[in-house]
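# What the coordinates show
Now for the letters of each chain:
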Amino acid sequence: MTAAFLPPRPVEGPDDLDIVAIGEAMVEFNQQPGNISVSSAYVQGFGGDTSNMVIAASRQGARTAYVSRIGDDAFGGLLQDLWRREGVDASAVAVVPGAQTGAYFVTHGPGGHAFSYARRHSAATGLTAADIPDSLLARTRMLHASGISLAISSSAANATLSAMERAADVGVMVCFDPNVRPSLWPMPMARALVGAAARLCDLFLPGVDDLRLLAGVSTPEEGLAWCRAQGVKTTVLKDGPRRVWIDHDGHVTSVPAFAVQVVDASGAGDCFDGALEARLAVGDTLTDAVSYAAAAAALSATGLGAVAPVPAEEAVRAFLAERGAA
Ligand code: ADP
């Protein structure tokens, strides 16, 4: 695994984007730690796995664009400001009059944290294949999608699978993170659609928990065997604070995670995906890109929220040097 996973970015060419991501973004309200009374204060942040991912990629220097639908409400405006600040091209995000942008609340109690969603019938559930035109796919080297878009509505599922099929047809590298959420859909449906998406992608990015839910497997080895049985070509399997497993070209290797003082690891997988794809875009080997992504994701778990603690490239480089892994 010494060659670049993706051929290096050409100096000139029609592709002016490295990564286009498609999915649903949301506004987050996170209960302040230590204050669980009725009058708790909530800190406003941002979420939505694919939006988190594309911001993480942008912070590593990748040229990114996002495709989604938002409402013409204040939350949609906050997201547009966020993407502008983060250098993510959001010109393909449709603003739907009268529709609502999704939101969620994170509450903290004695049993850990809990997510409460206000996303049913959100603007993003109306995503269609026309929202991601062939002309946009022609400009990018990678497409990133997630299982959440397959779960929120049949229209969004169709848009996502159509984009993946069309991207693969024109040689765009397709990356897919199943991000299985049992509250969004029944498991037989999740298994069928995630299986279809896994077969379509060049790089499958599950976590061990996703494979436990989808396939009932309990070890990374069993999980990788399930992925191979689905017809997946390359899998990078995330196993939290333990290791990251790589199954590529019939070889299985693994890279250790970095030990850090964790504050909130809930968006670590999204940061991992964004950092990994940003590094692949500049010609890293799969192993080097995974090590870099593990460092970025570990750093992102040292702060509260899914977006605010995502490190930029200089911070990741400094951390790798400090750990003797540069
Ligand atoms: P997901 O968020 O998709 O379920 P993980 O929880 O496995 O995925 O986290 C994604 C990546 O983030 C891991 O592969 C690892 O590199 C990093 N990570 C997650 N939790 C920790 C942690 N507690 N300490 C260090 N790194 C972590």
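Refer to the structure presented above.
Residues numbered from 1 in each chain as written. Predicted model: local features only at pLDDT ≥ 70, side-chain atom pairs only at ≥ 80, totals over all residues. Heavy atoms only, no water.

### Side note on the overall build of the protein
Helices and strands together make up the secondary structure of the protein, namely eleven helices and 14 strands. The C-alpha atoms of the protein give 18 Å as radius of gyration, which agrees with the globular expectation for 326 residues (20 Å, within 12%). Projected onto its principal axes, the C-alpha positions of the protein cover 55 × 45 × 40 Å. A burial count over the protein gives 54% of its 326 residues as buried. When contacts within the protein are restricted to residue pairs at least 6 apart in sequence, long-range pairs at least 24 apart make up 73% of them. Accessible surface computed for the protein: about 13,300 Å², of which carbon and sulfur atoms make up 55%. (Helix = DSSP H or I, 4+ residues; strand = E, 2+ residues; numbered from the N terminus. Rg over C-alpha atoms; globule rule 2.2 N^0.38 Å. Buried < 20%, exposed > 50% of the residue type's maximum accessible area, 1.4 Å probe, protein only. Contact = heavy atoms within 4.5 Å. Areas by Shrake-Rupley, 256 points an atom, 1.4 Å probe, with all protein chains shown as cover.)

### Thoughts on the packing of helix α5 (residues 154-169) against helix α6 (residues 187-200)
At a minimum axis distance of 10 Å, the contact between α5 and α6 shows a crossing angle of 20°. Between α5 and α6, the crossing angle belongs to the class labelled roughly parallel. Once α5 is placed against α6, the crossing between them reads as left-handed. On α6, the residues that touch A157, L161, M164, E165 and A168 of α5 are L193, A197 and L200. (Axes fitted to C-alpha atoms, helices over the stretch in contact; angles between N-to-C directions. Parallel < 35°, antiparallel > 145°, perpendicular 65-115°, else oblique. Left-handed = near helix turned anticlockwise from the far one by under 90°.)

### Some words on the site of the ligand
Surveying the vicinity of the ligand reveals 15 residues, the closest of which are G240, F258, V262, G269 and A297. Note that an oxygen atom of the ligand is positioned 2.6 Å from one of the backbone N or O atoms of G240. G269 has a polar backbone atom sitting 3.2 Å from an oxygen atom of the ligand. Residue assignment for the shell around the ligand shows that the elements contributing at least two residues are β12 (234-239), α9 (268-281) and α10 (286-300). Across the shell around the ligand, the residue classes break down as eleven nonpolar, two polar and two charged. (Near = heavy atom within 4 Å. Polar contact = N/O pair within 3.5 Å; in protein donor to acceptor, adjacent residues only side chain to side chain. Nonpolar A, V, L, I, M, F, W, Y, C, P; charged D, E, K, R; others polar.)

### Remarks on the layout of surface pockets
Within this model, the second largest pocket holds a volume of roughly 230 Å³. Considering only residue class, the lining of the second largest pocket consists of three nonpolar, four polar and three charged. (1 Å grid on protein atoms, 1.4 Å probe; cavity = no way out; pocket = protein on both sides within 12 Å on 5 of 7 lines; lining within 4 Å. Points joined across faces, edges and corners; volume = space filled by probe spheres on them.)

### Topic: the packing of aromatic side chains
In this structure the tally under the stated criterion is nine aromatic pairs. With a centroid separation of 5.6 Å and 50° between ring planes, the pair formed by F29 and F75 is classed as tilted. With F29 in strand β2 (residues 26-31) and F75 in helix α2 (residues 74-86), this pair connects stretches of sequence that are 46 residues apart. Residue class for F29 comes out buried when judged on its relative accessible area of 17%. (Phe/Tyr/Trp six-rings, centres within 6.5 Å; stacked < 30°, edge-to-face > 60°.)

### Quick look at the nonpolar core
Core analysis: the largest hydrophobic core is formed by 56 residues, its most contacted members being W83, L203, F272, L276 and L280. In terms of residue count, α10 provides more of this core than any other element does, eleven residues in total. In contact with L203, other than residues within four places in its own chain, are F5, M173, V174, C175, F176, T234, V236, L276 and L280. Counting 45 residues, the second largest nonpolar core, distinct from the first, contains A65, L143, A151 and C227. (Core = buried A, V, L, I, M, F, W, Y, C linked by side-chain atoms within 4.5 Å.)

### What about the pattern of salt bridges?
Enumeration over the complete set of coordinates arrives at 19 salt bridges. Between R69 and D131 there is a salt bridge, with its nearest N and O atoms 2.9 Å apart. With R69 in strand β4 (residues 64-71) and D131 in the loop between β8 (112-118) and α3 (134-137), this residue pair connects regions lying 62 residues apart in the sequence. Taking relative accessible area as the criterion, R69 reaches 22% and is therefore assigned partly exposed. The residue E313 makes a salt bridge to R317 at a minimum N-O spacing of 3.6 Å. Placement of the pair is E313 and R317 together in helix α11 (residues 313-322), with a separation of four residues, close to one helical turn. Accessibility expressed as a relative area gives 36% for R317, which makes it partly exposed. Residues joined in a network through salt bridges with shared partners are R279, D284, E313 and R317. (Salt bridge = Lys/Arg side-chain N within 4 Å of Asp/Glu carboxyl O.)

### So, the packing of helix α1 (residues 49-59) against α9
Each packed pair of helices is defined by two parameters, the angle between the axes and the distance between the axes. Between α1 and α9, whose axes approach to 7 Å, the crossing angle comes to 40°. Viewed along their axes, α1 and α9 adopt a mutual orientation that is oblique. Relative to α9, α1 is oriented so that their crossing is right-handed. Across the interface between the two elements, D49, N52, M53, A56 and A57 of α1 pack against D270, C271, D273, G274, E277 and A278 of α9. Class assignment of the residues belonging to the contact of α1 with α9 gives a composition of five nonpolar, two polar and four charged.

### Digging into helix α8 (residues 220-229)
Two residues of an α-helix separated by three or four positions point the same way, owing to the 3.6 residues in each turn. Within α8, burial applies to P220, G223, L224, W226 and C227. Down the axis of α8, the buried set is contained in an arc of 155°. They therefore lie on one face. In the core, the buried residues of α8 are packed alongside β11 (203-204), α7 (208-215), β12, β13 (243-248) and β14 (251-256). One or two steps after α8, the chain reaches G231, where phi turns positive at roughly 90°. (Arc of directions from axis to C-beta.)

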